[in-house]
Amino acid sequence: MIVLLAVFVSLCISVSSSNVCETAAQNKSTKGHTIQILYPCNNTIEAVVGSKLEVTCTVLAELHPAEILVYWLANQTFIEEYSRDNRIKETESERKGTEKSYLDATLNFSKVERKDFAVTFVCVILSGETDLARYISIKPAVSNVHSHIAIAVAVLISIIMISICMYKLLKHKPPQTYVNIN
Ligand SMILES: *[C@@H]1O[C@H](CO)[C@@H](O)[C@H](O)[C@H]1NC(C)=O
Ligand SMILES: *[C@@H]1O[C@H](CO)[C@@H](O)[C@H](O)[C@H]1NC(C)=O
């Protein structure tokens, strides 16, 4: 029972926590400015061959956007070079707050190819004060159908086990409880 519940809970967690960084990489530059890579965090994401994919590297920096450069590399080469057919497009954007700036560099895959699974995509942050890098790898997704069936089976088994427990509990109740109601 407990094992089944644990399996069920871990299935739920694995489904829901695909896009969250546990520990954002944080660095103080030589001048004491905070530069933080909110995403990615050296993690692996899943994708289906032929599907679209969008990955955004988000950086939070106590610097003016002009002082910092955020870009992606694929296996140490620039994205334009890795995908000469424009299959992967890279776009950058920035949002300036009062003291902090958010910088985004987004990779847009029009379709994921098998060779992407062997490549490390690195988000590089360059500024006069510090250099940082965080990578992401892509692995073939376990088909959604399979994971949904697994969850359905786990739920069904849990319900059956709970029903059996309830039935046993009710059966062991002393009969007086029913008699005393009237
Ligand atoms: C990227 O690097 C990995 C490991 O070094 C290698 O296996 C893979 O073939 C490379 N991919 C490309 C497209 O260069
Ligand atoms: C992530 O990878 C980069 C580059 O390889 C490394 O410098 C950094 O320490 C790694 N960070 C974590 C949290 O693993």
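**Student:** Residue-level account of the site of ligand 1, with values.
**Tutor:** Taken together, the residues surrounding ligand 1 are Asn75, Tyr82, Ala118 and Val119. Interatomic distance of 2.4 Å between a side-chain N/O atom of Asn75 and an oxygen atom of ligand 1. Compared with its free state, where it exposes 360 Å², ligand 1 has 35% of that area covered by protein. Taken together, the residues of the shell around ligand 1 sort by class into three nonpolar, one polar and no charged.

**Student:** Report on the pattern of salt bridges, specifying residues and quantitative values.
**Tutor:** Tallied over the full model, the rule gives four salt bridges. One salt bridge connects Asp116 with Arg87, and the closest N-O pair in it is separated by 2.8 Å. Remark: Arg87 occurs in the loop between helix H2 (79-82) and strand S7 (88-96) and Asp116 occurs in the loop between strand S8 (101-109) and strand S9 (120-127); sequence separation between them is 29 residues. Here Asp116 matches Arg87 in class, with each residue buried. One salt-bridge network, held together by shared partners, links Arg87, Glu113 and Asp116.

**Student:** Lay out the site of ligand 2 with the relevant residues and their values.
**Tutor:** In the neighbourhood of ligand 2, the contacting residues comprise Asn42, Ala133, Arg134 and Tyr135. Here ligand 2 has 360 Å² of accessible area as a free molecule, and 39% of this is covered by the chains. For the shell around ligand 2, a count of residues per class yields two nonpolar, one polar and one charged.

**Student:** Kindly report on the nonpolar core, identifying the contributing residues and their values.
**Tutor:** Ranked by internal contacts, the top residues of the largest apolar core, which has 31 residues, are Val59, Trp72, Phe109, Phe121 and Ile125. When residues of this core are traced back to their parent elements, those giving at least two are strand S2 (34-39), strand S3 (43-47), strand S4 (53-61), strand S5 (68-74), H2, S8, S9 and strand S10 (131-140). Ranked by residues supplied to this core, first place goes to S4 with five residues. Ignoring any residue separated from it by four or fewer positions in sequence, one finds Ile125 in contact with Ile35, Ile37, Val59, Ile68, Leu69, Val70, Thr130, Asp131 and Leu132.

**Student:** Quick rundown of the state of the cysteines? Include the residues and the values.
**Tutor:** Each disulfide is one covalent bond, formed between the sulfur atoms of two cysteines. For the coordinates displayed, the defined rule picks out one disulfide. Sulfur-sulfur distance for the disulfide between Cys57 and Cys123 comes to 1.9 Å. Because the torsion about its S-S bond is -75°, the bridge between Cys57 and Cys123 counts as left-handed. Of this pair, Cys57 sits in strand S4 while Cys123 sits in strand S9, placing them 66 residues apart in sequence. For Cys57, a relative accessible area of 0% corresponds to the buried category.

**Student:** How would you summarise the pairing of S3 if you had to cite specific residues and measurements?
**Tutor:** Across the two faces of S3 the burial differs, with Asn43, Ile45 and Ala47 buried and Thr44 and Glu46 not buried at all. Pairing analysis gives five bridges linking S3 to S10, with the strands arranged parallel. What sits directly across from Ile45, in S10, is Ile138.

Rules used throughout
Each residue is numbered by its place in its chain's sequence as written, counting from 1. For this description, chains carry letters from A and ligands carry numbers from 1, given in the order in which they are written. With the structure being a predicted model, the display of local features is reserved for residues of pLDDT at least 70 and the display and counting of side-chain atom pairs for 80 or more, all residues being used for whole-chain, interface and lining totals. Where side-chain values are given, they derive from all heavy atoms of the structure, hydrogens and water being excluded. We call a residue near a molecule or strand when any one of its heavy atoms sits within 4 Å of it. Polar contacts, as counted here, are pairs of nitrogen or oxygen atoms within 3.5 Å of one another; within protein the pair requires one atom able to donate a hydrogen and one able to accept it, and residues that are adjacent in sequence qualify only if both atoms are side-chain atoms. Methods summary: accessible areas were calculated by the Shrake-Rupley approach with a probe of 1.4 Å, and residue burial reflects only the protein chains presented. We call Asp, Glu, Lys and Arg charged. Ala, Val, Leu, Ile, Met, Phe, Trp, Tyr, Cys and Pro are nonpolar, and the rest, Gly among them, are polar. Counted as salt bridges are all cases of a side-chain nitrogen of Lys or Arg within 4 Å of a carboxyl oxygen of Asp or Glu. A helix here means a DSSP run of H or I that spans at least four residues, while a strand means a run of E at least two residues long, and both kinds are numbered starting from the N terminus. Each residue gets one of three labels from its accessible area relative to the maximum for its type: buried under 20%, exposed over 50%, partly exposed in between, using a 1.4 Å probe on protein chains only. Take the buried residues of types Ala, Val, Leu, Ile, Met, Phe, Trp, Tyr and Cys, join any two whose side-chain atoms come within 4.5 Å, and each joined set is a nonpolar core. Residue contacts are defined here by distance: any two heavy atoms, one from each residue, within 4.5 Å place the two residues in contact. Working definition: a disulfide is two cysteine sulfur atoms within 2.5 Å of each other. Criterion used throughout: strands pair if DSSP finds at least two bridges between them.

None of the figures reported here should be taken as evidence of function without further support.
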